[in-house]
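Overview (structure and organization)
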Amino acid sequence: MQPVYSQSRNRRRRRHHAQRAATPVWRAVAIAAGALLIVLGTCSAPFITRRMQQEAAPPPTPLPAAVAPAPTVAASATPRPTQIPQPSATPAPPPTPTLMAGAGPGAPPLSPLGREIDAYLSGLTSSGQFQGAVLVAQNGEVVIARGYGNADDNVPNTVQTRFRLASVTKQFTAAAILALQQDGKLTVDDAICAYLDPCPDAWKPLTIRHLLTHTSGLVDYTAFAGFEPTEMNPATPQELVERFRDFPLSFAPGTLYHYCNSNYVLLGLIIERVSGMEYADYLEQRFFVPLGMTNTGYDTSRGTIIDGAQGYVTPGRKSGFLDASTLYAAGGLYSTVGDLFRWDQALSTEEALTRTQLEQMFTPALRNYGFGWKIETIDGRRRISHPGNMTGVATFFARYPDDRATIIVLANMEYANAEGIANYVASRMFAPAATTTPPTTR
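Quick summary incoming for the structure in this document. Because the structure is predicted, anything quoted here is derived from the model rather than measured.

Here is what the cut-offs are and how they apply
Residues numbered from 1 in each chain as written. Predicted model: local features only at pLDDT ≥ 70, side-chain atom pairs only at ≥ 80, totals over all residues. Heavy atoms only, no water. Helix = DSSP H or I, 4+ residues; strand = E, 2+ residues; numbered from the N terminus. Buried < 20%, exposed > 50% of the residue type's maximum accessible area, 1.4 Å probe, protein only. Contact = heavy atoms within 4.5 Å. Areas by Shrake-Rupley, 256 points an atom, 1.4 Å probe, with all protein chains shown as cover. Pairing = 2+ DSSP bridges. Axes fitted to C-alpha atoms, helices over the stretch in contact; angles between N-to-C directions. Parallel < 35°, antiparallel > 145°, perpendicular 65-115°, else oblique. Salt bridge = Lys/Arg side-chain N within 4 Å of Asp/Glu carboxyl O. Phe/Tyr/Trp six-rings, centres within 6.5 Å; stacked < 30°, edge-to-face > 60°. Lys NZ or Arg CZ within 6 Å of the ring centre and 35° of its normal. Core = buried A, V, L, I, M, F, W, Y, C linked by side-chain atoms within 4.5 Å. Expected span 1.5 Å × (residues − 1).

1. Some thoughts on the overall build of the protein
Helices and strands together make up the secondary structure of the protein, namely ten helices and 13 strands. Here the protein, with 442 residues, has 58% of them falling under the buried criterion. A separation of at least 24 residues holds for 76% of the contacts in the protein among residues at least 6 apart in sequence. In the form shown here, the protein has an accessible surface area of approximately 16,500 Å², with 54% of it arising from carbon and sulfur atoms.

Here's what the structure looks like:
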């Protein structure tokens, strides 16, 4: 059987997806007294390349419908845990409507498609290929929303479990920029140096649009050899910028696509400069509180674990710790499948942003990347999606707006093939009725 993950892969499932960029490989750069070689062939860390295209994440091997219960995660040497901040004291609006089919006692019974997806995910969990939470919606209604495997030692994942989002964060950062544009405080074609001080001369041609669409030519600080050894240490946004500000651009802005976390770090700083608020506070005030997303926020890594998932490499093997401040606006948020579905609903209307702003967000630029989303046509269907990968985490958020379908996969397991799982679920969701049968083992 072909597993979803391979033990032969490198240990780190690096930062968000790392799409191979259409850019030249960086030559060696001499730094300080030594010759520190920094390889920038991809825009995430050099230990893994992960493409966003569907063909790069083939559907996982189907498993039998009859499966054993998910295994209990064995105790292991525990590194510093993934930490989730305390909920805000701000009074919350009415909770998000409960639409969690199959989420627990009293939930509506699963449809045939829901049972098929549940059997598939339970099989992956039993074989050690998945742990996390999944929500699938079709025609605007939840087909299934359930947790699988463990959030921590002997603590099961549920639909209320909070997961680090990794690069799924980028869509919220992009939405914040568009909200500021909607309010007349900036435009996406403004020069970034109007909002960053001091601003290197090399950045003067750059616009906010270049950052949003990964066409800036900036180098990616998470690809530097020194990133992983220090990822457990907190950092300020300004300290992150210092890591890459003195490098020249790798190509003329707007000419090539190169997925790069540095872009979204700068966007976070622009949000703070224009709004007069910290990045986390602006997102909470502008989106999370008004939409009732009470389980979504910025992971400060300073609180205690509250309904938060511990990161794992594979079931039973906890990952190292990554301080979310080292990713900031490029990957520092946490959420639940329910809150992300609420966000999906808001993006289908004008609750979060006006239609004009949404059209800009979902208009593809180079390599089909819009503002914080990839926009593609898969098997004749328009798909708007984004993956996320970081230490202990693999996520994938897919929207099929013309079909009113949504697939959200949040795994607290870095070797889980979140995109492959979402692709397989989509293949069953859109299969002709006569061929929708439980998957079988090869």
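2. Side note on the sheet that holds strand β13 (residues 405-411)
The sheet built from six strands is open, its strands ordered β2-β1-β13-β12-β11-β10 with antiparallel pairing. Two strands bound the open sheet, and with one partner strand each, they are β2 (141-148) and β10 (374-378). The sheet shows a mean angle of 15 degrees between the axes of neighbouring strands, taken without regard to direction. Relative to β2, strand β1 (residues 132-138) runs antiparallel, the two sharing seven bridges. Bridge pairing in β2 links Gly132 to Tyr148. Of the strands in this sheet, β1 and β2 are in contact with helix α1 (residues 112-126), which crosses β2 at around 20 degrees.

3. Overview of the environment of Ile408
Counting through the fold element by element, Ile408 comes out in strand β13. Residue Ile408 is classed as buried on the basis of its relative accessible area of 0%. Separated by 68 residues in sequence, Ile408 and Leu340 place their C-alpha atoms 7.7 Å apart. The contacts of Ile408, once residues within four sequence positions are left out, are Ala133, Val134, Leu135, Val337, Leu340, Phe341, Phe396 and Phe397.

4. Some thoughts on the packing of helix α2 (residues 170-182) against helix α7 (residues 279-288)
Axes are the key here: two packed helices are described by the angle between their axes and the distance separating the axes. Direction vectors running N to C along α2 and α7 enclose 70 degrees, while the axes themselves pass 11 Å from each other. In this view, α2 runs roughly perpendicular relative to α7, as classed from their interaxial angle. Note on element contacts: α7 touches α2 through Tyr279, Tyr282, Leu283, Arg286, Phe287 and Phe288, opposite Phe172, Thr173, Ala175, Ala176, Ala179, Leu180 and Gln182.

5. Focus on the pattern of salt bridges
For side chains of opposite charge, pairing can occur when their charged atoms come near one another. Using the criterion set out here, one finds 14 salt bridges in the structure. One network of salt bridges, with partners in common, ties together Asp152, Asp153 and Lys318.

6. Some points on the packing of aromatic side chains
Considering all chains together, one arrives at 16 aromatic pairs under this definition. Taking the centre distance of 5.4 Å and the plane angle of 55 degrees together, the rings of Tyr279 and Tyr328 count as tilted. Here the residue Tyr279 occupies a position in helix α7, and Tyr328 occupies one in the loop between β8 (317-318) and β9 (333-335), the gap between them amounting to 49 residues. Residues Tyr279 and Tyr328 agree in their burial class; the two are buried. Ring pairing ties together the aromatic residues Phe172, Phe287, Phe288 and Trp343, which thus form one cluster. Between Lys170 and the ring centre of Tyr264, over which it is positioned, the NZ or CZ distance is 5.7 Å.

7. A look at the nonpolar core
Counting residues in hydrophobic clusters, the biggest one holds 87 residues, and the most contacted among them are Trp203, Leu266, Ile270, Phe287 and Trp343. Listed in part, the 30 residues of the second largest apolar core include Val143, Ala398, Met413 and Ile421.

8. Regarding the pairing of β1
Counting buried positions along β1 gives six out of seven residues, so the element sits mostly inside the fold. Remark: two residues form the turn of the hairpin made by β1 and β2, two consecutive strands paired antiparallel; Asn139 in that turn has positive phi of roughly 55 degrees. Strand direction decides the pairing type here: β1 and β13, joined by six bridges, are antiparallel. Looking at the pairing, Ala133 lines up with Leu410 of β13.

9. Description of the environment of Tyr424
Of note, Tyr424 is situated in helix α10 (residues 418-429). Expressed as a C-alpha distance, the spacing of Tyr424 and Ile117, which sit 307 residues apart in the sequence, is 9.3 Å.

10. With respect to α10
For α10, built from twelve residues, the straight-helix expectation of 16 Å at 1.5 Å per residue is met to within 8% by its first-to-last C-alpha distance of 16 Å. The buried fraction of α10 amounts to eleven of the twelve residues, a majority that puts the element mostly inside the structure. Every buried residue of α10 is listed here: Ala418, Glu419, Gly420, Ile421, Ala422, Asn423, Tyr424, Val425, Ala426, Arg428 and Met429. Turning to α10, the residues buried within the fold contact α1, β1, β11 (381-390), β12 (393-400) and β13.

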